[in-house]
Amino acid sequence: MTEGMRLRQVRKSFGPLEVIHGVDLVVGEGEFVVFVGPSGCGKSTLLRMIAGLEEVTDGDIEIGGKDVTDLDPSQRGIAMVFQSYALYPHMSVRENLGFGLSMANVPKAEIAAQVDAAAKILKIEPLLDRRPGQLSGGQRQRVAIGRAIVRKPQVFLFDEPLSNLDAELRVSMRIEIARLHRELGNTMVYVTHDQTEAMTLADKIVVLRDGVIEQVGTPREVYEHPANTFVAGFIGSPRMNLLDATVQGTGKVMVAGDEIEVPSIDTPNGENVTVGLRPEHLVLSLAAPGTLQATVDFCEYLGGTRYVYCQLADGQNLIAEQREGEDLAVNKVVYFAWKPSELRLFNPHGIKLV
Amino acid sequence: MSAVARHRRQRQKFWGGFGYHAFGIGAALFFFAPFAWTGLASLRTGSEAQQPPLPPWPTQGVSFDTYAVLDTFGAGIWQHTLNSALVALATVVLTVIVSLLAGYGFSRYRFPLKNVFFVLIIATLMIPFQSILTPLFIILAKLGLNNSLVGLVLVYVTLQLPFSVFMMRNAFDAVPREIEEAARIDGARDLKLLVRVLLPLVMPGVATVAIFAFLNSWNEFLAALILLSDNDKYTLPVLMTAVRAGRLGAINWGAVQAGVMVMTIPCLAVFLILQRYYMRGLMAGAVK
Ligand SMILES: Nc1ncnc2c1ncn2[C@@H]1O[C@H](COP(=O)(O)OP(=O)(O)OP(=O)(O)O)[C@@H](O)[C@H]1O
Ligand SMILES: [Mg+2]
């Protein structure tokens, strides 16, 4: 796989405050990379540094093997789609799409051809002569994406492009973006808060926290083998249950007074570890002592599935997802089991144990 | 039943609309009346112009005598109109250019003491300009610009700038940063960025600045009176005092009316031309 983009020890400070602390990342050509992380972790800042809108304090950025760290945004071979669309309100859709090319002194006929091609891909041909003010939110978003396509960039940058749309439109635009990626085959970097967008669109998910990369991996890797408790708790909704446990000899830990079996680890007895269990992996039963015991706090019925909120004997909370079975009364005592392969274990520093 | 209700609703709508428009027309007439009065009065013949002002319209046939009389004052009305027009236009152009750049700078760049400078500029609005006329006069004299229209333009621009910079900074602050960033990604830089992308978006601000600069410099009297000493460099307001003072104690009211018309029409024209840039909702559809 050839290289689409590379970040090398990229840092960013705003005055004395460093917000990106040395990020290393390699993105293959044509890969769809999604940045996720809590609000304020630096996703937008990182994306804007790639775009050239924010100066890089330290480190290098390469796009297509070329160092672009000090290049003007228009020279980097990137195009960006903003959360707020950022269309030029005084220009028609046609002029919006063609503006970049006209700035590059491309001949008029060629601009027209490219604009028509992009409009066709996004099915916005009937809108070409309107102003942005005369478009709906979804249509504006298409125009914003169209403006990016016309630039024929090596790398597309998206900063939460769908978060201003309503839920239904968001789903259809998500599918549209996936289709676009398939058709154009460009490298794409996509920032989002939305777990579903991240899981469905990404070839590679980058989980950020406080300006540091916590894990890079495919959606499956990040979901099934989180590198640490932060990633485990961040990816997935509802989040993975992270339970405090104490090591009791090889292959055994104590959680809230119940002994559970874990893969054998060489952690000393009495050490505190964290057990991770996804809600959908917990199998609920009413009478099976010997596994994890809990009392029901309340249930959320979502139609296809149900979330059962429970409390362990020592007060820790636990969420289980249940696809069938009758409703559970509050304060009912229940028992949980799981397949050993689905249990995750983290050391006292929150790092994944084998 | 529903037909009756619909009928009643239509009637209400008609009378509602009627009242709305009647009030609008009334208000428009109220503001138009002084112009009409002066305009009509200026068309009276020379002898009629000296008579009591009622009725205000010409009764002995329309004539342009009063305008001919007006032309006999000073260096001729064309010369003074040209003086005023040159001064006003130069003031507008310079004020718009400087405040556009300054407003952009204050809105978008970070530099030390930015807010201090901005407050200082705004604070000069608190100084009555009459109080600095003497130093201004001395400075212009040192620069060899006293008794020159260029000097007058510089004074007007200076007086106009604090308000204009403030206006333009607000106008640029209202332009979402993302639009500018999108334009930078599209390859628009510096002057191209300002002219092709930002200028259309701050046009309401520019129109406001231009209108104020025009009106203030076109109508300004005191500085022009003090800084200009040559008769044929007078701007219209200064000329008008000569007309108003009359000759040999006799005031030619017809010439005064004509002078008022000559001074008013360009103001109206400028306002009517620029007011369409006040269009609301220009920014609609840019973001969100
Ligand atoms: N211009 C700036 N000056 C100072 N600090 C800034 C500036 N821009 C961003 N920051 C800080 O940098 C950090 C990262 O901001 P950033 O916008 O990249 O977060 P984010 O991950 O995109 O958050 P969100 O998900 O809410 O959009 C934040 O702590 C923010 O306060
Ligand atoms: Mg952000």
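Residues numbered from 1 in each chain as written. Chains lettered and ligands numbered in written order. Predicted model: local features only at pLDDT ≥ 70, side-chain atom pairs only at ≥ 80, totals over all residues. Heavy atoms only, no water.

## Considerations on the pattern of salt bridges
Residue and element names in this part refer to chain A.
Line of reasoning, step 1. What the rule picks out here adds up to 23 salt bridges over all chains.
Line of reasoning, step 2. Measuring nitrogen to oxygen at the nearest pair gives 4.0 Å for the salt bridge that ties Arg-8 to Asp-60. Taken together, the positions of Arg-8 in strand S1 (residues 3–14) and Asp-60 in strand S4 (residues 58–63) put the pair 52 residues apart, joining distant regions of the chain.
Line of reasoning, step 3. Residue classification places Arg-8 among the partly exposed positions, given a relative accessible area of 34%.
Line of reasoning, step 4. We classify Asp-60 as partly exposed; its relative accessible area is 30%.
Line of reasoning, step 5. With its nearest N and O atoms 3.1 Å apart, the salt bridge here joins Arg-209 to Glu-214. (Salt bridge = Lys/Arg side-chain N within 4 Å of Asp/Glu carboxyl O. Helix = DSSP H or I, 4+ residues; strand = E, 2+ residues; numbered from the N terminus. Buried < 20%, exposed > 50% of the residue type's maximum accessible area, 1.4 Å probe, protein only.)

## Digging into the site of ligand 1
Residues and elements named next belong to chain A.
Line of reasoning, step 1. Taken together, Phe-14, Val-19, Ser-39, Gly-40, Cys-41, Gly-42, Lys-43, Ser-44, Thr-45, Glu-160 and His-193 are the residues near ligand 1.
Line of reasoning, step 2. Backbone polar atom of Gly-42 to an oxygen atom of ligand 1: 3.0 Å apart, as the coordinates give it.
Line of reasoning, step 3. Take His-193: an N or O atom from its side chain is 3.1 Å from an oxygen atom of ligand 1.
Line of reasoning, step 4. No other element matches the three residues that helix H1 (residues 43–51) contributes to the shell around ligand 1.
Line of reasoning, step 5. Of the residues assigned to the shell around ligand 1, the class counts are three nonpolar, six polar and two charged. (Near = heavy atom within 4 Å. Polar contact = N/O pair within 3.5 Å; in protein donor to acceptor, adjacent residues only side chain to side chain. Nonpolar A, V, L, I, M, F, W, Y, C, P; charged D, E, K, R; others polar.)

## Structural notes on the interface of chain A and chain B
Line of reasoning, step 1. Taken together, the contact between chain A and chain B spans 29 residues of the former and 23 residues of the latter.
Line of reasoning, step 2. Of the roughly 2300 Å² buried between chain A and chain B on both sides combined, carbon and sulfur atoms contribute 59%.
Line of reasoning, step 3. By the criterion of area lost to chain B, the three top residues of chain A are Pro89(A), His90(A) and Met103(A), representing 25% of everything that side buries.
Line of reasoning, step 4. The partner of Asp72(A) in a salt bridge is Arg189(B), and the shortest N-O contact between them spans 3.5 Å. (Contact = heavy atoms within 4.5 Å. Buried area = accessible area lost by both parts, 1.4 Å probe.)

## Some thoughts on the pairing of strand S12 (residues 252–255) of chain A
Residue and element names in this part refer to chain A.
Line of reasoning, step 1. Across the two faces of S12 the burial differs, with Val-253 and Val-255 buried and Lys-252 and Met-254 not buried at all.
Line of reasoning, step 2. Direction of pairing for strand S11 (residues 241–247) relative to S12: antiparallel, over a ladder of two bridges. Opposite Val-247, over in S12, you have Val-253 as the bridge partner.
Line of reasoning, step 3. Adjacent in sequence and paired antiparallel, S11 and S12 are bridged by four residues, among which Gly-249 carries a positive phi angle near 75 degrees.
Line of reasoning, step 4. Note: S12 against strand S13 (residues 258–261), four bridges, orientation antiparallel. Bridge pairing in S13 places Val-253 opposite Ile-260.
Line of reasoning, step 5. Two successive antiparallel strands, S12 and S13, enclose a turn made up of two residues, where Ala-256 displays a positive phi of approximately 50 degrees. (Pairing = 2+ DSSP bridges.)

## A word on empty space enclosed by the protein
Line of reasoning, step 1. Evaluated as defined, the whole model comprises one cavity of 30 Å³ or more.
Line of reasoning, step 2. Of the volumes computed, that of the largest cavity is approximately 50 Å³.
Line of reasoning, step 3. Elements that contribute at least two residues to the lining of the largest cavity include exactly strand S6 (78–81) and helix H4 (137–150) of chain A together with helix H8 (177–185) of chain B.
Line of reasoning, step 4. Partitioning the lining of the largest cavity into residue classes produces five nonpolar, no polar and three charged. (1 Å grid on protein atoms, 1.4 Å probe; cavity = no way out; pocket = protein on both sides within 12 Å on 5 of 7 lines; lining within 4 Å. Points joined across faces, edges and corners; volume = space filled by probe spheres on them.)

## Comments concerning the domain arrangement of chain B
Residue and element names in this part refer to chain B.
Line of reasoning, step 1. For chain B, the assigned domains are domain 1 (3–65) and domain 2 (68–287).
Line of reasoning, step 2. For domain 1 and domain 2, the distance between their C-alpha centres works out to 32 Å.
Line of reasoning, step 3. Each side of the interface is counted separately: domain 1 has nine residues, and domain 2 has twelve residues.
Line of reasoning, step 4. Each partner contributes to the roughly 770 Å² buried at the junction of domain 1 and domain 2, and carbon and sulfur atoms together form 64% of this total.
Line of reasoning, step 5. For the interface between domain 1 and domain 2, the tally reads zero salt bridges.
Line of reasoning, step 6. At the junction of domain 1 and domain 2, the tally comes to three residue pairs in polar contact (both at pLDDT 80 or more). (Domains from an automatic or database assignment.)

## Quick look at the domain arrangement of chain A
Residue and element names in this part refer to chain A.
Line of reasoning, step 1. Per the domain assignment, the segments making up chain A are domain 1 (3–234) and domain 2 (241–353).
Line of reasoning, step 2. For domain 1 versus domain 2, the distance between C-alpha centres works out to 39 Å.
Line of reasoning, step 3. With ten residues of domain 1 at the interface, the matching set in domain 2 holds nine residues.
Line of reasoning, step 4. Between domain 1 and domain 2, the buried area comes to about 820 Å², and carbon and sulfur atoms account for 52% of it.
Line of reasoning, step 5. Contact with domain 2 buries surface across domain 1, with Tyr-223, Thr-229 and Ala-232 losing the most and accounting together for 52% of the total.
Line of reasoning, step 6. Between the two partners, domain 1 and domain 2, sit zero salt bridges.
Line of reasoning, step 7. Going through the elements one at a time, helix H7 (219–224) and helix H8 (229–234) are the ones with two or more residues in the side of domain 1 that touches domain 2.
Line of reasoning, step 8. When the residues that make up the side of domain 1 that touches domain 2 are grouped by side-chain class, the tally is five nonpolar, four polar and one charged.

## A few points about unusual backbone geometry
Line of reasoning, step 1. The amide bond that connects Ser237(A) to the next residue, Pro238(A), takes the cis arrangement and shows omega of -5 degrees.
Line of reasoning, step 2. Turning to its location among the elements, Pro238(A) is positioned in the loop between H8 and S11.
Line of reasoning, step 3. The phi dihedral of Asn331(A) is positive, around 70 degrees, even though this residue is not glycine.
Line of reasoning, step 4. The topology assignment puts Asn331(A) in the loop between strand S18 (317–322) and strand S19 (333–337).
Line of reasoning, step 5. A residue is classified by how much of its surface remains accessible, and Asn331(A), at 58% relative accessible area, is exposed.
Line of reasoning, step 6. A positive phi angle is found at Asp190(B), which is not glycine, with a value near 45 degrees.
Line of reasoning, step 7. Its place among the elements puts Asp190(B) in helix H9 (residues 190–201).

## What about helix H13 (residues 253–274) of chain B?
Line of reasoning, step 1. Compared with the 32 Å implied by 1.5 Å per residue over 22 residues, the 32 Å span of H13(B) between its first and last C-alpha is a close match.
Line of reasoning, step 2. Where H13(B) is concerned, the buried positions are Gly254(B), Ala255(B), Val256(B), Ala258(B), Gly259(B), Met261(B), Val262(B), Met263(B), Thr264(B), Cys267(B), Val270(B) and Leu274(B). (Expected span 1.5 Å × (residues − 1).)

## Here's the deal with the sheet that holds strand S21 (residues 352–353) of chain A
Residues and elements named next belong to chain A.
Line of reasoning, step 1. If you walk across this open sheet you meet the six strands as S13-S12-S11-S14-S20-S21, and the pairing is antiparallel. Strands at the two margins of the open sheet, each flanked by one partner only, are S13 and S21.
Line of reasoning, step 2. Across three bridges, strand S14 (residues 272–277) lies against strand S20 (residues 344–346) in antiparallel orientation. Each bridged residue has a counterpart across the sheet, and for Val-275 the counterpart in S20 is Leu-345.

## Focus: the environment of Leu286(A)
All names here are of chain A.
Line of reasoning, step 1. Residue position: Leu-286 is located in the loop between strand S15 (283–285) and strand S16 (292–301).
Line of reasoning, step 2. For Leu-286, a relative accessible area of 46% corresponds to the partly exposed category.
Line of reasoning, step 3. In this structure Leu-286 touches Leu-328, Lys-332, Val-333, Val-334 and Tyr-335, once residues within four positions along its chain are discounted.

## Focus on the packing of aromatic side chains
Line of reasoning, step 1. Scanning the entire structure with this criterion turns up 18 aromatic pairs over all chains.
Line of reasoning, step 2. When the centroid spacing of 4.5 Å and the interplanar angle of 10 degrees are considered together, the rings of Phe298(A) and Tyr309(A) count as stacked. Of this pair, Phe298(A) sits in strand S16 while Tyr309(A) sits in strand S17 (residues 306–312); the two residues are eleven residues apart in sequence, bridging distant segments of the chain.
Line of reasoning, step 3. Residue classification places Phe298(A) among the partly exposed residues on the basis of a relative accessible area of 42%.
Line of reasoning, step 4. Ring plane angle 85 degrees and centroid distance 5.8 Å describe the contact between Tyr104(B) and Tyr109(B), whose orientation is recorded as edge-to-face. (Phe/Tyr/Trp six-rings, centres within 6.5 Å; stacked < 30°, edge-to-face > 60°.)

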